[in-house]
Amino acid sequence: MKKVFLLLLIFISQNREIFAQVNLIQNIPGRQTMLLDGTWDSQVDIVGVGSLGRFGLIQDRKPIPFIYKGDNPRNTELVEQDMDMSEKIKVPGDWNTQKEKLFLYEGNLWYRKKFTATPKSDKRYFIYFGAVNYEATVYLNGVKLGQHKGGFTPFQFEITKELKDGENKLLVNANNTRGEDNIPTKISDWWNYGGITRSVSLIEVPETYISDYFIQLDKGKLSEIKGWVKLDGQQKSQSVTVEIPELGLKQIVKTDTAGNAEINLSSKKIQHWSPENPKRYDVILSSNNDNIKDKIGFRTIETRGTEILLNGNPIFLKGAAIHEEAPYRTGRCYSEGDARTLLTWAKEMGSNYVRLAHYPHNETMTRMADEMGLLVWSEVPVYWNVKFDKPEVYANAENQLLENISRDKNRASIILWSVANETNESEPRLIFLKKLLEKTKTVDPTRLTTAALLAKESKNEFSLEDPLGEFVDVMGCNEYIGWYTLPAELAPTMKWTSKYNKPMIMSEFGAEAVAGLHGKSDEIWTEEYQNRIFENQVKMLSNISFLRGTSVWALMDFRSPLRLLPIKQDFFNRKGLVSETGIKKMAFYTLKNWYDTKK
Ligand code: GCB
């Protein structure tokens, strides 16, 4: 009887829905961390046996005949599930491109990592995941730490209590089953790469530590640095010093009982971050027991009528949309090399801007954009037919948005937070997206908001009338004249109008071509066909008076479940200007010629 009660207790505690909170530790690369990347043990679990209580986890209402390896069912594994004997898998990395048999797999996969730790009594410990697609459930030494939903944003759990001196076992269930109520939903035009797709780190911080900070130029003020710092722990009221040595700036702030303090610094000597001069300054924050260094660029971003102003000056955003698809090897990209290759191609095309579509990319990418001088449109996967009327769907979207902003709010490159892509007009959609836009402004008043909208098409005219246009700072617009609609030659004759006195970015335009396939310009799938569409697009784009930027769809060919045509597509969306093997198509140079001369 006692045993049953104990098992029931364990069952209840194991099944608590503990979702990771947004309270993310800022600047992981700048922390004392132990990377848990490398080879992990793995087991594919098609029917979900793991959640019936295997892997040493008691979660099952119905007792099943377990044969345990050890004597304590909570901490041991079933003999038949022995992870020591399991197949190995690399972290970070999607499972689809690591094992041929998992290429089309969608479902559960268990990951396990054994690692040794020597926790210190005056420190705190966190486990931090860069991203797991789509849902993750995490256990340490048999204890459930919690769950996270959303495949492209970071999450963490404090493990100060659970971390053992000696060997530890970290168990993760990753599940990438697509769902109508998910963000994104069941259908998206990119591959649903599953697994632990970004780095996993064990982070050590002092008992009271600098958990977060936001340091940027005040809205529209070129010499005023404004922000805040946050401490977490027992000693929340302290002095924190903020320094930017190169500018000779130093401020000592006092945190309040909640651990918060405002930062205000002023200097007329700031070299402003821009694509031409991506200047970053060392910023150092020190509290009693903690200190952290970051590299932060300072720039302002505003709109004035139909202009976008970078550091007070009008700018035209010349760019490309990028999926987080690895150049040369395909699969989810995560490395510095991947980011550098993609952003270098964008620069070679004459870009000063990239749209990181359609979800938050890894932190290496946004830090690389800071370093290389590329302005960034950053987005959450509120894509196509989202269930806008469901409160839990909104909560999920908002959580992903907040995690994205929380991680990247100190990146000068990011100027636009996008809340959606191509969503059909409806009342629930307007309420949902308006709320997301308002939330964005509350947490980050320094940047601009946007969404990729669709224009209304009539005989010779495209007009932007979407009611959401009223609530964004910059209107994105996707348009495929020459590919999905109207003959390419009609593009230059199209008149563009807008209901709103706001800047517009052509957030997508493009056509498919197989790299290396040549022929006449009316032969579909040839580079010439794609190029003809681009020549006409450029003529049209040059004449839209309120156009302030373009992101071609897309920089590189990318995997998609919607692109079935054998030989031509083979599961690749071929709208890239560069193939996944690095071949530049003719249209790359047509666009480059335009960008190189475009002011
Ligand atoms: C779009 C979507 C993008 C697709 C693209 C296409 O409008 O926003 O995700 O990949 O069209 O190729 O059809």
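A. Spotlight on the overall build of the chain. If you tally the helices and strands in the chain, you get seven helices and 35 strands. Relative to the 2.2 N^0.38 estimate, which gives 25 Å for 599 residues, the radius of gyration of the chain is 25 Å and therefore close to what a compact globule would have. With the C-alpha coordinates of the chain rotated into their principal frame, the extents come out at 80 × 60 × 45 Å. Per-residue burial for the chain yields a buried fraction of 60% across its 599 residues. Sequence separation of 24 or more characterises 72% of the internal contacts of the chain that already satisfy a separation of 6 or more.

B. Seen up close, the sheet that holds strand 9 (residues 155–158). The antiparallel open sheet is built from four strands, whose spatial order is 1-12-5-9. Edge positions in the sheet fall to strand 1 (32–35) and strand 9, since each has one partner strand and no second. The mean inter-strand angle of the sheet, taken between neighbouring strand axes irrespective of direction, is 25 degrees. Here strand 5 (residues 123–129) pairs with strand 12 (residues 200–206) via seven bridges, running antiparallel. Each bridged residue has a counterpart across the sheet, and for Y125 the counterpart in strand 12 is E204.

C. Local environment of the pairing of strand 8 (residues 143–149). For strand 8, the buried fraction is high: five of the seven residues fall into the buried class. Pairing of strand 7 (residues 135–140) with strand 8, which is carried by six bridges, proceeds in the antiparallel orientation. Paired with T137 across the bridge in strand 8 is Q147. Where strand 7 folds back on strand 8, the antiparallel hairpin that results is connected by two residues, among which N141 adopts a positive phi of roughly 50 degrees.

D. How the structure looks around the packing of helix 4 (residues 391–408) against helix 5 (residues 427–443). It is at 11 Å that the axes of helix 4 and helix 5 come closest, and there the two elements cross at 30 degrees. Considering their axes alone, helix 4 and helix 5 lie roughly parallel with respect to each other. You can see that helix 4 and helix 5 cross each other, and the crossing is right-handed. Here helix 4 contributes V393, Y394, A397, E398, L401, L402 and I405 to the contact with helix 5, which in turn contributes F432, K435, L436, K439, T440 and V443.

E. Expanded view of the environment of G259. Assignment of secondary structure puts G259 in the loop between strand 16 (249–254) and strand 17 (260–266). With 22 residues separating them along the chain, G259 and S237 place their C-alpha atoms 5.8 Å apart. Among all residues touching G259, those that are not within four sequence positions of it are V229, K230, L231 and K236.

F. How the structure looks around the site of the ligand. If you check the shell around the ligand, you find 14 residues, and the closest are D189, H358, E422, Y484 and K575. N421 has a polar side-chain atom sitting 2.9 Å from an oxygen atom of the ligand. A distance of 2.2 Å separates an oxygen atom of the ligand from a polar side-chain atom of E422. Residue composition of the shell around the ligand, grouped by class: five nonpolar, four polar and five charged.

G. Expanded view of helix 6 (residues 527–541). With 15 residues, helix 6 extends 21 Å between its outermost C-alpha atoms, agreeing within 8% with the 21 Å of an ideal straight helix rising 1.5 Å per residue. Extensive coverage of helix 6 is indicated by the burial of 13 of its 15 residues.

H. Examining the nonpolar core more closely. If you look at the biggest cluster of nonpolar residues, it comprises 72 residues, and the most contacted ones within it are V382, F432, W496, M504, M506 and L591. Non-local contacts of F432, meaning those with residues more than four positions away in its chain, are made with V382, V386, F388, V393, Y394 and A397.

I. View of a nonpolar patch on the surface. A cluster of nonpolar side chains, namely V44, I46 and V47, defines an oily patch on the protein surface of about 330 Å² accessible area. Relative to the helices and strands, V44 is located in strand 2 (residues 38–45).

J. Broad picture of the packing of aromatic side chains. On inspection of all chains with the given rule, the structure shows 27 aromatic pairs. Here the aromatic rings of W553 and F558 are separated by 5.7 Å at their centres, their planes lie at 85 degrees, and the arrangement is edge-to-face. Exposure remark for W553: the relative accessible area of 4% places this residue in the buried category. Given a relative accessible area of 1%, F558 falls into the buried group. Put simply, the rings of F152, W190, Y359, Y383 and W384 pair up and form one aromatic cluster. For K435, the ring lying beneath its charged end belongs to Y394, and the centroid distance is 4.3 Å. Above the ring of F316, the side-chain terminus of K598 is found at 4.4 Å from the ring centroid.

K. A look at the side chain of N536. Positionally, N536 belongs in helix 6. Look at N536 and you get buried, because its relative accessible area is 7%. Separated by 3.0 Å, the side chain of N536 and the backbone oxygen of R532 make a polar contact.

L. Structural context of the pattern of salt bridges. Here the structure, examined in full by the defined rule, presents 44 salt bridges. With its nearest N and O atoms 3.7 Å apart, the salt bridge here joins R31 to D290. Separated by 259 residues along the polypeptide, R31 in the loop between helix 1 (2–14) and strand 1 and D290 in the loop between strand 18 (281–286) and strand 19 (291–296) bring together distant segments of the chain. Side by side, R31 and D290 carry an identical accessibility label, which is buried. In this structure, a network of salt bridges that share partners links the residues D41, D84, K88, R112 and K114.

M. Looking closely at the domain arrangement of the chain. Examined at the domain level, the chain breaks down into domain 1 (22–206), domain 2 (213–298) and domain 3 (303–510 + 548–555 + 587–597). Put simply, the middle of domain 2 and the middle of domain 3, counted by C-alpha atoms, are 29 Å apart. With 19 residues of domain 2 at the interface, the matching set in domain 3 holds 23 residues. Summed over both sides, the interface between domain 2 and domain 3 buries roughly 1,600 Å², with carbon and sulfur atoms accounting for 54% of that surface. Looking at the side of domain 2 facing domain 3, the largest losses of area belong to F214, W273 and P275, adding up to 38% of the total buried there. Residues D294 and R367 are paired through a salt bridge, measuring 3.1 Å at the closest nitrogen-oxygen approach.

N. Structural view of the sheet that holds strand 20 (residues 301–304). One open sheet accounts for three strands, arranged 20-21-22; its pairing is antiparallel. Each end of this open sheet is capped by a strand with a single partner; those strands are strand 20 and strand 22 (313–314). Of the strand pairs in this sheet, strand 20 and strand 21 (residues 307–310) are connected by four bridges, and their pairing is antiparallel. Within the sheet, the bridge partner assigned to T303 lies in strand 21 and is I308.

Calculation notes
- Position numbers for residues start from 1 in each chain and track the written sequence from start to end.
- Thresholds applied to this predicted model are a pLDDT of at least 70 for local features of residues and 80 or more for the giving and counting of side-chain atom pairs; totals over whole chains, interfaces and linings are not thresholded and use all residues.
- With hydrogens and water excluded, all non-hydrogen atoms of the structure serve as input to the side-chain values.
- A run of DSSP states H or I qualifies as a helix once it reaches four residues; a run of E qualifies as a strand once it reaches two. Both are numbered from the N-terminal end.
- Restricting the calculation to C-alpha atoms gives the radius of gyration, and the globule rule supplies 2.2 Å times the number of residues raised to the power 0.38.
- The rule is simple: take the accessible area with a 1.4 Å probe, protein chains only, and divide by the maximum for that residue type; under 20% is buried, over 50% is exposed, in between is partly exposed.
- The contact rule is simple, with two residues in contact once any of their heavy atoms fall within 4.5 Å.
- Here a strand pair is declared whenever DSSP counts at least two bridges between the two strands.
- Axes here mean lines fitted to C-alpha atoms, for a helix over just the part in contact, with angles spanning 0 to 180 degrees between N-to-C directions.
- Should an angle lie under 35 degrees it is considered roughly parallel, over 145 roughly antiparallel, and from 65 to 115 roughly perpendicular; all remaining angles are considered oblique.
- Each crossing gets its handedness from the near helix: less than a right angle anticlockwise from the far helix is left-handed, clockwise is right-handed.
- One heavy atom within 4 Å of a molecule or strand is enough for the residue carrying it to be called near that molecule or strand.
- Counting of polar contacts relies on pairs of N or O atoms within 3.5 Å, with two restrictions inside protein: one atom must be capable of donating a hydrogen and the other of accepting it, and residues adjacent in sequence are counted only when both atoms are side-chain atoms.
- Just so you know the grouping, Ala, Val, Leu, Ile, Met, Phe, Trp, Tyr, Cys and Pro go in nonpolar, Asp, Glu, Lys and Arg go in charged, and all remaining residues, Gly too, go in polar.
- Between the first and last residue of a helix there are one fewer steps than residues, each counted as 1.5 Å, and that sum is the expected span.
- Throughout, nonpolar core names a set of buried Ala, Val, Leu, Ile, Met, Phe, Trp, Tyr and Cys residues whose side chains join them through atoms within 4.5 Å.
- Patch definition: residues above 30% relative accessible area lacking any salt bridge, with like charges linked at up to 9 Å and the nonpolar side chains Val, Leu, Ile, Met, Phe, Trp and Tyr linked at up to 5 Å.
- Each accessible area is a Shrake-Rupley estimate made with a 1.4 Å probe; only the visible protein chains count as cover when residues are assessed.
- In what follows, salt bridge is the name for a side-chain nitrogen of Lys or Arg lying within 4 Å of a carboxyl oxygen of Asp or Glu.
- Note on aromatic pairs: the rings of Phe, Tyr and Trp (six-membered ring only in Trp) are paired at centre separations within 6.5 Å, and the planes decide the class, stacked below 30 degrees, edge-to-face beyond 60, tilted for the rest.
- Put simply, a charge is over a ring when the Lys NZ or the Arg CZ is close to the ring centre, within 6 Å, and near the line of the ring normal, within 35 degrees.
- Segmentation of the chain into domains, including their bounds, is taken from an automatic or database domain assignment.
- By buried area we mean the combined loss of accessible area, with a 1.4 Å probe, across both parts when two parts are placed together.

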